Amino acid sequence: MPLPRSLSVTSLSGLDDWTEEFDLGDAVLFEIAWEVANKVGGIYTVIQTKARLTSEEWGENYFLVGPYMENSVRTQVELIEPTNPALKRTIDNMNSSGCKYAAQCEEPPHILAHFHEWLAGLGLVLCRQRQLPVATIFTTHATLLGRYLCAGSVDFYNNLHKFNVDKEAGDRQIYHRYCLERAAAHCAHVFTTVSHITAIEAEHLLKRKPDVVTPNGLNVKKFSASHEFQNLHAHSKARIQEFIRGHFYGHLDFNLDKSVFLFIAGRYEFSNKGADVFLEALARLNYLLRVNHSEVTVIAFFIMPARTNNFNIETLKGQAVRKQLWDTAQTVKEKFGKKLYESLLVGQLPDVSKMLDKEDFTMMKRAIFSAQRQCLPPICTHNMLDDSSDPILNCLRRIGLFNSSSDRVKVIFHPEFLSSTSPLLPMDYEEFVRGCHLGVFPSYYEPWGYTPAECTVMGIPSVSTNLSGFGCFMEEHIADPSAYGVYILDRRYRSVDESCSQLTSFLLQFCQQSRRQRIIQRNRTERLSDLLDWRYLGRYYISARHMALAKAFPESYYYEPQDPSSGFRYPRPASVPPSPALSRHSSPHHSDDNDDDDERYNEDLEAEKDRLNIRQPHSPQYRDKSGLPDAIPVSDGDGTPASSASTPSSVSSPAGSVSSEK
């Protein structure tokens, strides 16, 4: 059900710099979270990637506060002496006599405290209860009760208005934590959340409508590879293919060049993360590929950490056999090359029958014999502690995907986060993602969704849902998301069976694409990365902070919202050829596809049209304590003022927040 609008991502500005003047000279920002230099989940990524942008805005008046974890401090924190005298006195007093309120500046600054999640919410409640002169912001990245309810397999989103929240929290023995989260949301000057779908959830479960939606961004520069991302994909794909050659030794009866790599990654929440829907869709896809005699083989990776005791012996053996075969081939190649070289030196054509002797044939026969395998390739790379009750393994047994030679869908369950030091698959997560063809994240509960966002900035297509913040964001801003490599699965208004059928259709459509079509789609996907950069999404945090300062210190700061205006949407691509065989080559290898098509695809022209389809709005007006407005109008590049941004009056659902444009 839709909510009234607030400062919404619908009015996200264009790609020009967004500048405004705001007097922060006597203001100090404290950002408090349990995941400051303490990696637990996605909030760590939010704070870490946003820190540079916030530091540029606040300078030395920006402080992050989190738990002191010795291991994290050693690797992530540089210990320095504070330059601010008041801060130094405060820290000295805290070190000497415990945490308590200590010395202040001679001229007290305007303090802004931003608290993330209920774990930090107690500090916010105490600030308001003790009437401290502090402007406060509370951001919930996922409601506590919502996560518990979704884990219980309830029809969550269609029954939000029916839940007795106090009873539900009490039944799950989280009432004390729920009350703390709800109190923090109500005590804060400004309450924010990360997506429209979570805003709807927060209004019903926490009983307060968020003032601002602050979508999560990424430091896109970290992932930026300019024109090299296609080459990086080819390089990483080759490394994954090497792992697959070892994993499927003895049963490598499929063409790796016609294989498609899919993956799902994240916390091991079988239903919340959509692993159940993904597995069911894979079973249906396997049937369709078999009955249609498709030459495409799908290899699906599940990267979800679970309880294990070690690597699977059969999996390690596969990599050892692969390496042995490679060493044997290299030895024979060197001997063959030497004899060929000597034959050419004396001006004679080589006698092929004499190039390899009996010893060489014996060596190769031994290698072939060692590569024989009686059992099927394992579906799990590790020994599971709870093998009989593991949800993924039990589902694979039910649907019958055991990596047999007749299966067109193969499954590899890697119950451990990826690491470049692993003896099995020595790749870090970023490199692995670049080597895959499609990320599949059919989540039922996903307040934002960093995994598909990371796929997008690396130019890898992904599947998301209209119940994830990322999916709603993309559905709102792109007229045809699938053309840009972002497939939005409907899990809100369809049954589970219908969602599985839709996902199967997405996967089958993707498998039927030619190599050139996938290359073009990756180009389009990578061009969306600017939408997810903190350089642009960080402005919503800026607006939330300015709103909080204006509410807490009205005599010094003024916040003036603008009238609502429509946002923008990426249109459908300018050119969508049925077969892109005539398009300009943009990868290190040329396609073998020879399909005829009269429509040419100009990648540079399409990219330029995409960039021109974004409008730059006015920045909101603020006033400092002098009372003068500080809004700087920004033009669209042709001297005309751009459309204004929407106001922080209310929040809307993605479906109702986009103006129709013809």
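Residues numbered from 1 in each chain as written. Predicted model: local features only at pLDDT ≥ 70, side-chain atom pairs only at ≥ 80, totals over all residues. Heavy atoms only, no water.

1. Regarding the overall build of the protein
Scanning the protein from N- to C-terminus turns up 22 helices and 16 strands. Considering the protein as a whole, with its 662 residues, one finds that 53% of them fall into the buried category. A separation of at least 24 residues holds for 75% of the contacts in the protein among residues at least 6 apart in sequence. (Helix = DSSP H or I, 4+ residues; strand = E, 2+ residues; numbered from the N terminus. Buried < 20%, exposed > 50% of the residue type's maximum accessible area, 1.4 Å probe, protein only. Contact = heavy atoms within 4.5 Å.)

2. Quick word on the pairing of strand S3 (residues 110–116)
The element S3 is extensively covered by neighbouring structure, given that 6 of its 7 residues are classed as buried. Strand direction decides the pairing type here: strand S1 (residues 27–32) and S3, joined by 6 bridges, are parallel. Bridged to Val28 within S3 is Ile111. Strand direction decides the pairing type here: S3 and strand S4 (residues 134–140), joined by 6 bridges, are parallel. Opposite Ala113, over in S4, you have Thr136 as the bridge partner. As a crossover connection, the stretch from S3 through helix H4 (residues 117–129) into S4 is right-handed. (Pairing = 2+ DSSP bridges. Right-handed = clockwise from strand over helix to strand, strands pointing away.)

3. A look at the pattern of salt bridges
Applying the stated criterion across every chain yields a total of 25 salt bridges. We note a salt bridge from Glu31 to Lys50, for which the minimum N-O separation is 2.7 Å. Of the two residues, Glu31 sits in strand S1 while Lys50 sits in helix H1 (residues 42–58), which places them 19 residues apart along the sequence. The residue Asp171 makes a salt bridge to Lys167 at a minimum N-O spacing of 2.8 Å. Here Asp171 pairs with Lys167, and both are found in helix H6 (residues 165–171), just 4 residues apart, close to one helical turn. For Lys167, a relative accessible area of 48% corresponds to the partly exposed category. It is possible to trace a salt-bridge network through shared partners that takes in Glu280, Arg284, Arg398 and Asp497. (Salt bridge = Lys/Arg side-chain N within 4 Å of Asp/Glu carboxyl O.)

4. Looking at helix H19 (residues 496–511)
Taking 1.5 Å of rise per residue, the 16 residues of H19 would be expected to cover 22 Å, and the 22 Å separating its terminal C-alpha atoms lies within 8% of that figure. Among all positions in H19, only Ser499, Cys500, Gln502, Leu503, Thr504, Phe506, Leu507, Leu508, Phe510 and Cys511 are buried. (Expected span 1.5 Å × (residues − 1).)

5. As for the sheet that holds strand S12 (residues 438–440)
Strand order in the open sheet made by the 6 strands is S11-S8-S7-S12-S13-S14, with parallel pairing throughout. Only two strands of the sheet have a single neighbouring strand rather than two, namely strand S11 (409–414) and strand S14 (486–489). Taken pair by pair, the neighbouring strands of this sheet meet at an average axis angle of 25°, ignoring direction. Against the sheet, H19 makes contact with strand S7 (259–265), strand S8 (297–303), S12, strand S13 (462–465) and S14, and its axis sits at roughly 160° relative to S14, the strand it touches most. (Axes fitted to C-alpha atoms, helices over the stretch in contact; angles between N-to-C directions.)

6. What about the side chain of Thr192?
Within the secondary structure, Thr192 is located in strand S5 (residues 190–193). Within the structure, the side chain of Thr192 is placed 2.6 Å from the side chain of Thr139, a separation counted as a polar contact. Once you skip the residues sitting within four places of it in the chain, Thr192 turns out to touch Ile137, Phe138, Thr139, Thr140, Pro210, Val212, Thr214 and Ala544. (Polar contact = N/O pair within 3.5 Å; in protein donor to acceptor, adjacent residues only side chain to side chain.)

7. Looking at a nonpolar patch on the surface
A contiguous nonpolar surface patch, about 310 Å² in accessible area, is contributed by Trp34, Val40 and Leu119. You can see Leu119 is positioned in helix H4. (Patch = residues over 30% accessible without salt bridge, like charges linked within 9 Å, V, L, I, M, F, W, Y side chains within 5 Å. Areas by Shrake-Rupley, 256 points an atom, 1.4 Å probe, with all protein chains shown as cover.)

8. Observations regarding the state of the cysteines
Taken as a whole and judged by the stated rule, the model has 0 disulfides. Here Cys500 stays free of any disulfide, with the sulfur of Cys395 as its closest cysteine sulfur at 9.4 Å. Classification of Cys500 by relative accessible area gives buried; the value is 3%. (Disulfide = S-S within 2.5 Å.)

9. What about the confidence of the model for the protein?
With 78% of its residues at a pLDDT of at least 70, the protein reaches an overall mean of 81. Mean pLDDT across the secondary structure elements of the protein bottoms out at strand S16 (residues 621–623), with 43, and peaks at S8, with 98. Predicted confidence for residues 1–20 stays below pLDDT 50, and this span has 112 contacts to residues more than four positions away or in other chains. Of the regions scoring below 50 in pLDDT, residues 614–662 engages in 158 contacts with residues more than four places distant in sequence or in other chains. (pLDDT = per-residue confidence, 0-100.)

10. Some remarks on the side chain of Thr140
Mapped onto the fold, Thr140 is located in strand S4. Looking at Thr140, its side chain comes within polar contact range of the main-chain oxygen of Ala142, at 3.4 Å.

11. Considering the packing of helix H10 (residues 229–247) against helix H20 (residues 515–527)
Close contact between H10 and H20 brings their axes to 11 Å; oriented N to C, the two are set at 120°. Classed by the angle they form, the pair H10 and H20 counts as oblique. The two elements H10 and H20 cross, and the hand of that crossing is right-handed. Only Ile519, Arg522, Asn523 and Glu526 of H20 make contact with H10, whose side of the interface consists of Phe229, Gln230 and His233. Of the residues assigned to the contact of H10 with H20, the class counts are 2 nonpolar, 3 polar and 2 charged. (Parallel < 35°, antiparallel > 145°, perpendicular 65-115°, else oblique. Left-handed = near helix turned anticlockwise from the far one by under 90°. Nonpolar A, V, L, I, M, F, W, Y, C, P; charged D, E, K, R; others polar.)

12. Let's talk about the sheet that holds S4
Spatial strand order, S2-S1-S3-S4-S5-S6: 6 strands in an open sheet with parallel pairing. Of all the strands in the sheet, just strand S2 (62–65) and strand S6 (212–213) have a single pairing partner and so form its edges. Most of the contacts of H1 go to S2, to which it runs at about 160°, and overall it touches S1, S2 and S3. Here helix H7 (residues 175–187) sits on the sheet and contacts S4 and S5; the angle it forms with S4, its principal contact strand, is near 130°.

13. Looking at the packing of helix H11 (residues 275–291) against helix H15 (residues 391–399)
Contact pair H11 / H15: the axes reach a minimum separation of 10 Å and the direction vectors enclose 25°. The pairing of H11 with H15 is recorded here as roughly parallel in orientation. Seen along the crossing, H11 lies across H15 with a hand that is right-handed. Counted together, Leu279, Glu280 and Ala283 of H11 and Ile392, Cys395, Leu396, Arg398 and Ile399 of H15 form the full contact between these two elements.

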